[in-house]
Amino acid sequence: MIIIPGSSSQELAYRVANKLSVDMARVEFKRFPDNEIYVRVLNEINDDLAVIISTQRDQNNSIIESILLADAIRENVKEIYLVAPYLAYARQDKRFNPGEPISIKALAEIYSNIFDKVITINPHEEHIREFFKIPFVVGDAVPKLAEYVKDKLDNPIVLGPDQGALRFAKVAAEVLETEYDYLEKTRISPTEIKIAPKTLDVNGRDVLIVDDIISTGGTVATAAKMLKEQGAKDIIAACVHPVLIGDALNKLYYSGVKEVVGTNTFVSEVSKVDISDVIIDLLR
Ligand code: R5P
């Protein structure tokens, strides 16, 4: 096996290669004068399996880059896996409006022609598996997030910011050996909504909010503000993919979140949890 790093995935690729005691390729990344992407794998590749690790942080570039890397090595390997811990375009998983693409389906078709397997961590919705004609393997980073925050909160309640995130709350609560719930939005009047746990009471309790993605931070910031009003003590917001667009972090801390924790599926200021072991388990 050889690990081929994407241009913005060097550290994660190194960690995976090092822990597996396999080689990591030396790759040259450049731009042509017209800004097209140039890659060149400088090692002589002669392995059964090449694993391209691409965090897809800089989505459009990373996608093209991994397609080019695969082509560069295709003749010298039997199989190529794409490890995309954060799978770009996965949130456009249906046609929300007429005339839109199902973006992840379009990409899955391309990936299925190029790669032999795609490995990712906590994609937004797992039903996207159906778009792939190759094995699509999913890892779960939520237990690692929960381990990281375990000693930072006192007997917390674990909350998903919506019903869809209840599954993450359940996994984290198992690690923390505590209760979990999700936040329900109730319209009180035409101008007022209330966000509160469906059944549990946060008054006087520490809270862990856990989600797959924090993007603009709007979902978690609104939840944290309301939980504070309901008497919550310390709040930690944990997510697998800290996409954190614009002033998301400021929004979160301003709303009363004590700490924001993410993983290195998407490298950011709060990527405190390393998921290389999750990838390694899936590769083994
Ligand atoms: C939604 O279903 C997702 O799980 C996240 O809650 C959402 O993507 C977060 O987005 P934002 O941070 O922009 O509110």
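Peer 1: Would you take a moment to explain the nonpolar core for this structure?
Peer 2: One recurring pattern in soluble globular proteins: nonpolar side chains tend to sit buried together. By size, the foremost hydrophobic cluster in this structure holds 39 residues, and its most contacted members are Val16, Val51, Ile53, Val158, Leu208, Ile279 and Leu283. Broken down by element, this core gets its largest block of residues, six residues, from helix 5 (residues 166-176). Ile2, Val27, Ile52 and Ile80 belong to the second largest nonpolar core, which has 34 residues in total.

Peer 1: Teacher, can you tell me more about the packing of aromatic side chains here?
Peer 2: Describing an aromatic ring pair means giving the distance of the ring centres and the angle of the ring planes. One pass over the full model with this rule turns up four aromatic pairs. When the ring of phenylalanine 32 is compared with that of tyrosine 38, the centres are 5.5 Å apart and the planes differ by 90°; the resulting orientation is edge-to-face. Relative to phenylalanine 136, the ring of phenylalanine 132 has its centre 4.3 Å away and its plane inclined at 20°; by these criteria the two rings are stacked. Judged by relative accessible area, which is 8%, phenylalanine 132 ranks as buried. Since its relative accessible area comes to 5%, phenylalanine 136 is described here as buried. Sitting above the plane of the tyrosine 38 ring, lysine 30 keeps its charged end 4.9 Å from the centroid.

Peer 1: Whenever I open this one, the site of the ligand confuses me. Can you help?
Peer 2: Residues in contact with the ligand, as listed here, are Arg91, His124, Asp162, Asp211, Asp212, Ile213, Ile214, Ser215, Thr216, Gly217, Gly218 and Thr219. Relative to its unbound accessible surface of 380 Å², the ligand loses 80% to contact with the protein. Mapped by element, the contributors of at least two residues to the shell around the ligand are strand 12 (207-214) and helix 6 (218-229). No other element matches strand 12, which puts four residues into the shell around the ligand. Here the shell around the ligand is composed, by residue class, of two nonpolar, six polar and four charged.

Reading guide: rules and limits
- The numbering scheme is per chain: residues are counted from 1 as the chain's sequence reads.
- Local features in this predicted model are restricted to residues whose pLDDT is 70 or higher, and side-chain atom pairs enter the listing and the counts only when it is 80 or higher, whereas totals over whole chains, interfaces and linings include all residues.
- Excluded from the side-chain calculations are hydrogens and water; all other atoms, namely the structure's heavy atoms, are used.
- Put simply, buried Ala, Val, Leu, Ile, Met, Phe, Trp, Tyr and Cys residues joined by side-chain atoms within 4.5 Å make one nonpolar core.
- Partly exposed describes any residue whose relative accessible area lies between the buried limit of under 20% and the exposed limit of over 50%, with all areas from a 1.4 Å probe on protein chains only and scaled to the type maximum.
- By definition, any uninterrupted DSSP run of H or I lasting at least four residues is a helix, any uninterrupted run of E lasting at least two residues is a strand, and each is numbered from the N terminus.
- Classification of ring pairs rests on two measures: the distance between centres of Phe, Tyr or Trp rings, Trp counted by its six-membered ring, which must be within 6.5 Å, and the angle between planes, read as stacked under 30 degrees, edge-to-face over 60 and tilted in between.
- Comment: the charge-over-ring label is applied if NZ (Lys) or CZ (Arg) is within 6 Å of the ring centre and within 35 degrees of the ring normal.
- Whether a residue is near a molecule or strand is decided by its heavy atoms; if any one of them lies within 4 Å of it, the residue is near.
- Using the Shrake-Rupley algorithm and a 1.4 Å probe, accessible areas are obtained, with residue cover drawn only from the displayed protein chains.
- Ten residue types, Ala, Val, Leu, Ile, Met, Phe, Trp, Tyr, Cys and Pro, are classed as nonpolar, four, Asp, Glu, Lys and Arg, as charged, and the remainder, Gly among them, as polar.

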